[in-house]
Every structure is written in C-alpha cells, then in structure tokens.
Amino acid sequence: MTAATEPLLDLALEPIRAKVHAGQRLDLADGLALYRTRDLFTLGELANAARERRHGRKAFYNINRHINYTNFCVLRCRFCSFYRPFDPRGPQVPDGYARSVDEIVALAAEAADRGATEVHIVGGLHPTLPFSYYTDLCRAIRQRCPGLHIKAFTAIEIVHFTRITRPRLSIREVLLALREAGLDSLPGGGAEIFDDRVHEEAFRAKVGEQHWFDVHRTAHELGLPSNATMLYGHIESIDERLQHMLKLREHQDRSLRECPAAFQCFVPLSFIPAGSALAHLPGPTGLDDLRTLAVSRLMLDNIPHLKAFWVMHSPKLAQVALNWGVDDFDGTVVWYDITKREGLGTNRQELTVEQIRQLIAEAGCEPVERDTLYQPVIR
Ligand code: V47
C-alpha cells in the first residue's frame, strides 16, 4: 500500500486517495477521474482499502442454483440473447421452453440435496402464464425444501405480474402474495443502465428506471432484501455508468435510513454480445471489467457487498478482481441460460466448491461460505 502522502503517478488521484482514507464520499468528478486514470494499481489499492475496511480478507461464495423458468418473453431487448418469441397460435420455436412447477421443484430439490442454500429463479416475461403459476412455484419449493432461500423475480417480472392480474394488483400486493408463498428476497436484474437515451436505444419496451426503483423501494419497505445490477459495456457512456451508480447510492441512503431492508450487493454485469442484436459490439475488455468493479466499490460506499458474477466475468477475471474491491464470487450456479460463458460453450456452467475455494485462497483471501443474507454457513 502506498503511503497516504507518497506522490502518485496520476496527480488527479491524490485528492481522491485522501477522501478514501478519510472515509469521505466520492462524487461524479472523482468517478470520472478513476475511470480515466492510467494508474490502475492505485485504483486497485484504493478499492481494496475500501473492501478491507468492511470485510478484511474475507471473500464470500455460496452454494446455489440458478433456474430459468422460461425463455419466452414479450420483450425484444437488443442486448439479450436469451429471449425467444412466443407465437400464440403455435407451434413454438424448438428451443423455446416454459418449465412446469414440478420440473422446477425437482431442480430445486436436487440442488438442496447437493447442499445448496439458495435458488435464484428468473425468466422472460411469459405472455400466458398466470400469476398463480409464480405463487404456486414459490409455495411448492417452500414445502419441498423448507430450508432453501428463494431469491426470485427481477423488478421487471414483478411489474409484469401487476399487469397480468385481474383486478390488477399493485407492486406491494404482488410482493406480499409472493412473500406469503415463500419468496425471501429479490435478485438485482433488469436494471441495465438508468438512462433515458440508453433505455430508448437498447431496451425501449422494457419498463424504465422509475418502475425498477418502485419495486425495490417497496421490497425494502416490506423488509425484503434485494440486489442491484448494472449491465455495462454496450452503448452506454462512462458518465451514464456513474450516474447509474449515483442513483443506486441515493436510493440506498433512503432504504438504510427508513426501511427494514436494503440492497445487499451490487453486481456489475459484463455485457456478452454474442447472439444479441448488439453482436457487432466488442463488449468490455478485461481492464474495463476490472476498472468498473473497482470504481463500483469506491462509488457505492453504502452497499456492503460487491459481486463479480464469474459466469459473465470468467472465473479468472473474478479471481483477480478479489484484490480490486470485490468480496463476493457468487456461487456454484450449475446451469445458466441467460448468457453462455464468454459467448461460447454450453449452458452447464458450474464451479465446484473446491474450485471456488481454491481460486479465492490463491488470491490471498479467506474463503467464507455464506447464505443469501451473508451469514456464514457452518457445515
Ligand atoms: O437483467 C442479459 C443481464 C441480467 C445479457 O442479483 C446480460 O445476485 C450480459 O441480474 N450479457 C440477469 N448480461 C442476471 C442478473 C444476476 C446475475 C447474477 C447474480 C444476480 C444477483 C443477478 O442479465 C439481466 C440483464 O441485465 N443480461 N443479457 C448479455 N448478453
């Protein structure tokens, strides 16, 4: 660690270093300087200092299983390679699917038998599945696997549920019904980039940031914890990424002040162009990934955990990032349909616990198995 008074390669980082060491909040101009700097090592040191202040050398992972219930979706987001169009007259495209409740319960039970503490369940906006499908799903998993934490449905799906109920339920009523059925927390997906220009160009039909924040605000008011994401490396600017982070920071200030729950974790998602309508774009480089993770740690001083989701970052980059501000490696995952690793391979995407622990230990960190609420799991 460079001494707090030692001259830096990039003079623009000196006042930022002073702020970080004093525990002071960074602003937009600081974020821009961190994104522009060529002194990546000082950026890493500062992000690591902020990470160690909260978590020491601990690095968290969990035993989980991601389950996608359907890839049919009424939306056509340009960054997405996951969705399949649904034809109400049928037949459907051969690789379109919608799993039955029984199929999903079987997957969840298999995961629980293998030691999973969490299922992460999300899907496309299916045009015909009724709201009872989603409550039945939570209830059936809760009954079959009482100890399994159900982290499910992005804010976009929650808004979709308000639209398919008759009479229409509010966001609050949908969340209450799902919680009563067994839902424990919300994942962070669907945030993309909170900006009107990017929204218009890349995911026009999707509900906007107002709705995303309404869902997470309501969840926090009801005591349901949640995560937040940012999909970066497509058509957005650095300024737009930083504005996205600042909006989340502001929301979190309010949740911490006024609500029984808040964001637990920020998950920057590295855009994978293959198979999407933006396949001509190069996607983020390794250095952009590392820089974005480090800047996220420094800007989001009020969200305790920062996750490098290894499916999108690759296990190698996620490992390096453990010294650039990241404290959470996500989990064993097993199967992931939304993106294939680095745009290649199959959807079976699994790391064993031994592999994860080894990657973490080699980075000089202490591997800690956590549950979804970041409590250590003692086996
Ligand atoms: O909302 C879609 C993103 C998200 C692509 O909360 C893509 O712990 C990259 O939110 N390239 C879903 N990303 C995944 C997600 C998530 C993942 C892991 C952990 C957590 C958590 C949340 O995936 C979508 C969208 O933003 N996405 N297409 C793509 N081509």
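It should be emphasised that the depicted structure is a prediction, and the values quoted were computed from it without experimental measurement.

A.B. asks: Help me get a handle on unusual backbone geometry, residues and values and all.
C.D. replies: The omega torsion across G90 and P91 is -5 degrees, close enough to zero to call that bond cis. Along the chain, P91 falls in the loop between β2 (64-68) and α4 (101-113). Of note, the bond from R166 into P167 is cis; its omega dihedral lies within 30 degrees of zero at -10 degrees. Relative to the assigned elements, P167 resides in the loop between α6 (155-164) and α7 (171-181).

A.B. asks: If you had to explain the side chain of S276 to someone new, which residues and values would you point to?
C.D. replies: Take S276: it is sitting in the loop between β6 (263-270) and α11 (286-299). Of the residues examined, S276 reaches a relative accessible area of 8% and is grouped as buried. At 3.1 Å, the side chain of S276 and the backbone nitrogen of L278 are in polar contact. In this structure, S276 is in contact with R78, F79, C80, S81 and F271, ignoring residues within four places of it in sequence.

A.B. asks: Any chance you could break down the sheet that holds strand β4 (residues 149-152) for me, citing the residues and the numbers?
C.D. replies: The pairing of strands in a sheet happens through backbone hydrogen bonds and is either parallel or antiparallel. Strand order in the open sheet made by the three strands is β2-β3-β4, with parallel pairing throughout. Here the strands that pair on one side only, and so sit at the sheet edges, are β2 and β4. Put simply, the sheet's adjacent strands are angled 20 degrees from each other on average, direction ignored.

A.B. asks: Outline the packing of aromatic side chains, listing residues and values.
C.D. replies: In total, this model carries 16 aromatic pairs according to the counting rule given. For the pair Y69 and Y134, a centre-to-centre distance of 5.5 Å together with 75 degrees between the ring planes defines the contact as edge-to-face. In this pair, Y69 is assigned in the loop between β2 and α4 and Y134 in helix α5 (residues 131-144), connecting sequence segments 65 residues apart. For Y134, a relative accessible area of 0% puts it in the buried group. Considering the side-chain rings of F194 and F213, the 4.6 Å spacing of their centres and the 45 degrees angle between planes classify their relative orientation as tilted. Remark: F213 occurs in helix α9 (residues 209-221) and F194 occurs in the loop between α7 and α8 (196-202); sequence separation between them is 19 residues.

A.B. asks: Break down the nonpolar core for me, citing the residues and quoting the values.
C.D. replies: Among the nonpolar cores identified, the biggest contains 124 residues, and F153, I158, L178, W212 and F329 are the most heavily contacted of them. The element that contributes the greatest number of residues to this core is α4, accounting for seven residues. When residues no more than four places from it in sequence are discounted, the contact partners of F329 are F60, Y61, A308, W310, P315, A318, Q319, L322, L351, I356, L359 and I360.

A.B. asks: For helix α14 (residues 353-362), give the residues involved together with the corresponding values.
C.D. replies: Those residues of α14 not exposed but buried are V353, I356, L359 and I360. The arc that holds the buried residues of α14, viewed along the axis, is 135 degrees, so those residues lie on one side. Exposed and oriented more than 90 degrees from the buried face of α14 are E354, Q358 and E362. Taken together, the buried residues of α14 touch β1 (58-62), α13 (315-321), β8 (328-331) and β11 (366-369). Once α14 finishes, G364 follows within two positions and takes phi at roughly 85 degrees, a positive value.

A.B. asks: Describe the pattern of salt bridges, with residues and values.
C.D. replies: All chains considered together, the criterion is met by 27 salt bridges. With a closest N to O distance of 3.4 Å, R257 and E258 form a salt bridge. Judged by its relative accessible area of 46%, E258 is partly exposed. Within this structure, E221, R254, R257 and E258 form a network of salt bridges that share partners.

Reading guide: rules and limits
- Residues numbered from 1 in each chain as written.
- Predicted model: local features only at pLDDT ≥ 70, side-chain atom pairs only at ≥ 80, totals over all residues.
- Heavy atoms only, no water.
- Helix = DSSP H or I, 4+ residues; strand = E, 2+ residues; numbered from the N terminus.
- Buried < 20%, exposed > 50% of the residue type's maximum accessible area, 1.4 Å probe, protein only.
- Polar contact = N/O pair within 3.5 Å; in protein donor to acceptor, adjacent residues only side chain to side chain.
- Contact = heavy atoms within 4.5 Å.
- Pairing = 2+ DSSP bridges.
- Axes fitted to C-alpha atoms, helices over the stretch in contact; angles between N-to-C directions.
- Phe/Tyr/Trp six-rings, centres within 6.5 Å; stacked < 30°, edge-to-face > 60°.
- Core = buried A, V, L, I, M, F, W, Y, C linked by side-chain atoms within 4.5 Å.
- Arc of directions from axis to C-beta.
- Salt bridge = Lys/Arg side-chain N within 4 Å of Asp/Glu carboxyl O.

Bear in mind that shape data such as this cannot, by itself, settle questions of function.
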